[in-house]
Amino acid sequence: MRPAARAPRVGFVSLGCPKALVDSERILTHLRAEGYEVAPTYEAADIVVVNTCGFIDAAVDESLDAIGEALEHNGRVIVTGCLGARPQRILERHPRVLKVTGPHAYEDVVGAVHEHLPPRHDPFFDLLPPQGVRLTPRHYAYLKVAEGCNNKCSFCIIPAMRGRLASRRIDEVLREAERLVAAGVKELLVISQDTSAYGSDIRYAPGAWRGASYQTRFIDLARGLAELGAWVRLHYVYPYPHVDEVIPLMAARRVLPYLDVPFQHGSPAVLKRMRRPAHSENTLKRIGAWRAQCPDLTIRSTFIVGFPGETDGEFAQLLAWLDEAQLDRVGCFKYSPVEGAAANALPGHVAPQLQEERYARFMERAAAISRRRLAQRVGRHMRVLVDTVADGTATARSDRWRGADRRCGERARRRLGRGADRGRG
Ligand code: SF4
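What you see as residue numbers is a count from 1 along each chain, following the sequence as written. Per-residue local features are limited, in this predicted model, to residues with pLDDT of at least 70; the limit for side-chain atom pairs, both in listing and counting, is 80 or more; totals at the level of whole chains, interfaces and linings are taken over all residues. By convention in this description, side-chain values take in all heavy atoms of the structure and omit both hydrogens and water.

We call a residue near a molecule or strand as soon as one heavy atom of that residue lies within 4 Å of the molecule or strand. Cys-149, Cys-153, Cys-156, Gln-193 and Tyr-238 are the nearest of the eleven residues found near the ligand. When grouped by side-chain class, the residues that make up the shell around the ligand number eight nonpolar, two polar and one charged. The classification used treats Ala, Val, Leu, Ile, Met, Phe, Trp, Tyr, Cys and Pro as nonpolar, Asp, Glu, Lys and Arg as charged, and all other residues, Gly among them, as polar.

So, about the pairing of strand β14 (residues 298–305). A large share of β14 lies buried, amounting to eight of its eight residues. Three exposure classes are used, based on accessible area relative to the maximum for each residue type with a 1.4 Å probe and protein chains only: buried under 20%, partly exposed in between, and exposed over 50%. Strands are runs of DSSP state E lasting at least 2 residues, helices are runs of H or I lasting at least 4, and numbering of each runs from the N terminus. By the alternation rule, side chains of β14 split into Thr-298, Arg-300, Thr-302 and Ile-304 and Ile-299, Ser-301, Phe-303 and Val-305, which are all buried. Taken together, the three bridges between strand β13 (residues 258–260) and β14 define a ladder with parallel strand orientation. Counterpart to Tyr-258 in the pairing with β14 is Thr-298. With strands facing away from the observer, any crossover in which the path from the first strand over the helix to the second runs clockwise is taken as right-handed. In this fold, β14 hands off to helix α11 (residues 312–325), which returns the chain to strand β15 (residues 329–334); that crossover is right-handed. Strand pairing is assigned whenever DSSP identifies at least 2 bridges connecting the two strands.

Moving on to a nonpolar patch on the surface. A contiguous nonpolar patch, built from Val-384, Val-386 and Val-389 and spanning about 260 Å² of accessible area, is present on the exposed surface. Structurally, Val-389 is set in strand β16 (residues 384–390). Within the patch definition used here, like charges are joined within 9 Å and nonpolar side chains (Val, Leu, Ile, Met, Phe, Trp, Tyr) within 5 Å, considering only residues with over 30% relative accessible area and no salt bridge. Areas reported as accessible are Shrake-Rupley estimates using a 1.4 Å probe. Residue values count occlusion only from the protein chains shown. Take a side-chain nitrogen of Lys or Arg and a carboxyl oxygen of Asp or Glu: if they are within 4 Å of each other, that pair is a salt bridge.

The subject of this paragraph is the environment of Val-386. Mapped onto the elements, Val-386 comes out in strand β16. Under the relative-accessibility criterion, Val-386 is labelled partly exposed at 41%. Not counting residues up to four positions away in its chain, the partners in contact with Val-386 are His-139, Ala-394, Thr-395 and Ala-396. The criterion used for residue contact is that any of the two residues' heavy atoms lie within 4.5 Å.

On to the nonpolar core, then. By convention a nonpolar core is built from buried Ala, Val, Leu, Ile, Met, Phe, Trp, Tyr and Cys residues, the set being connected through side-chain atoms within 4.5 Å. Counting 53 residues, the largest nonpolar core has Leu-225, Leu-234, Val-246, Leu-259, Leu-327 and Phe-362 as its most contacted members. Apart from residues lying up to four places away in sequence, Val-246 is in contact with Phe-218, Ile-219, Ala-222 and Leu-234. Listed in part, the 23 residues of the second largest apolar core include Val-109, Leu-117, Leu-135 and Leu-189.

Of note, the phi angle at Arg-203 is positive, near 50°, even though the residue is not glycine. Mapped onto the fold, Arg-203 is located in the loop between β9 (187–191) and β10 (206–209). Phi at Gln-264 is positive, roughly 70°, even though this residue is not glycine.

Attention shifts here to the environment of Trp-209. Here Trp-209 shows up in strand β10. The spatial distance from the C-alpha of Trp-209 to the C-alpha of Ile-170 is 8.5 Å, given a sequence separation of 39 residues. Discounting residues that sit within four places of it in the chain, Trp-209 has contacts with Leu-174, Arg-175, Glu-178, Tyr-214, Gly-224, Glu-227 and Leu-228. In terms of polar contacts, Trp-209 uses its side chain to reach the side chain of Glu-178, at 3.1 Å. N or O atoms closer than or at 3.5 Å make up a polar contact, with two conditions inside protein: a donor-capable atom paired with an acceptor-capable one, and, for residues adjacent in sequence, both atoms drawn from side chains.

To continue, consider the pairing of strand β4 (residues 77–81). Burial runs high along β4: five of the five residues are buried. Here β4 shows two buried faces, one formed by Val-77, Val-79 and Gly-81 and the other by Ile-78 and Thr-80. Bridging between strand β3 (residues 47–52) and β4 involves five bridges; their strand directions are parallel. Its bridge partner being in β4, Asn-51 is matched across the sheet by Thr-80.

Each aromatic pair joins two rings of Phe, Tyr and Trp (for Trp, the six-membered one) with centres within 6.5 Å, and gets the label stacked for planes under 30 degrees apart, edge-to-face for over 60, and tilted for any other angle. Under the defined criterion, the tally for this structure stands at seven aromatic pairs. For the pair Tyr-140 and Tyr-142, a centre-to-centre distance of 6.3 Å together with 90° between the ring planes defines the contact as edge-to-face. Owing to a relative accessible area of 8%, Tyr-140 belongs among the buried residues under this scheme. Assessed through its relative accessible area of 4%, Tyr-142 is described here as buried.

It is worth spelling out the pattern of salt bridges at this point. Following the criterion strictly, the structure yields 31 salt bridges and no others. Close ionic contact of Arg-175 with Asp-171 constitutes a salt bridge, the shortest N to O distance being 4.0 Å. Here Asp-171 and Arg-175 lie together in helix α6 (residues 170–182), a separation of four residues that amounts to about one turn. Overall, Arg-175 belongs to the partly exposed group, its relative accessible area being 38%. The exposure class assigned to Asp-171 is buried, which follows from its relative accessible area of 12%.

Okay, structure coming up:
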């Protein structure tokens, strides 16, 4: 039992991608506004919330392990997040959890915390910084512009778990960004499942901000954020024609010349089997046109090798595509089935050993390209934001490069008070 005199303390374990991290921040912001404190350890917490990831089977295992750890060390656990969309999976293994809620069910999580750990009523605890509670360092922040996804990629179950695209209105997003910058944030990392589709679900609803009119759409988002004077980095942008409109803003350095485009493959046939958005676009031509307008553009991407039915010829096509695309930074996954994904039923699953070989060949090629492109920058002056300084060495991000980006399904663990962070890709 907690002493009546002190504030109730919530421990928080946040697993998964940056989008899940933003969900965690929202839940914590809400709880902090009600006077809850955030506990740095299981032992110091009165209750623990575990925000899970369920994108791939390995992420499910990690989430189930984390719930078990929280139960062992604290005993009072509420589960939320993507895996919460499949409560029976959790309850089969951990019947002692107090409550399971699904992804972005903020009110349900907060309601469960109220039920099991009532808030202390004290108006002083209601004071909260206007930018809310954030789990990232002070100098950068994720800005989530939409929930869910309208695509139907055959290897992915995120739309089933997180629902259809639900964009936030442009004025709401720009006001949040403004508050973050006023609180000292120097870099805004724009995220959603499909940032290029931003606003299409709400018919590009208009909104006013700083006396000007904007629409809830990708290019207006970039234009509005460019007004703030902070670095703006765009993630999870698909290579649709309308994305071309943002390149002049990058060439003019109003938005960082950086695009995270999850291409996933270079073979049109594989992309079609993957049911990828923009799979019929000529991506090499598009990359060429972007670079012609903005030669300093950095492109980061992720790929899947060993997708069902991937032939030697299709893999060779991927390598040839990569040679021509000359991407700056690349991550790669070996395809693995996810319970409930349409790709599971595709014929021709690639043997693990062949997947391994293809992965090694792909990464070797991608690393050589990255090295060459980085070498071209040796001796040049760049603006950087310093992340950490230790033993006389500063680790910084430039306006074109940053490390450890994570995408949907890429896993990371952050635990308050420890700050551990493991990414993949
Ligand atoms: S992989 Fe990304 S774009 Fe495709 S369905 Fe999943 S969330 Fe949507």
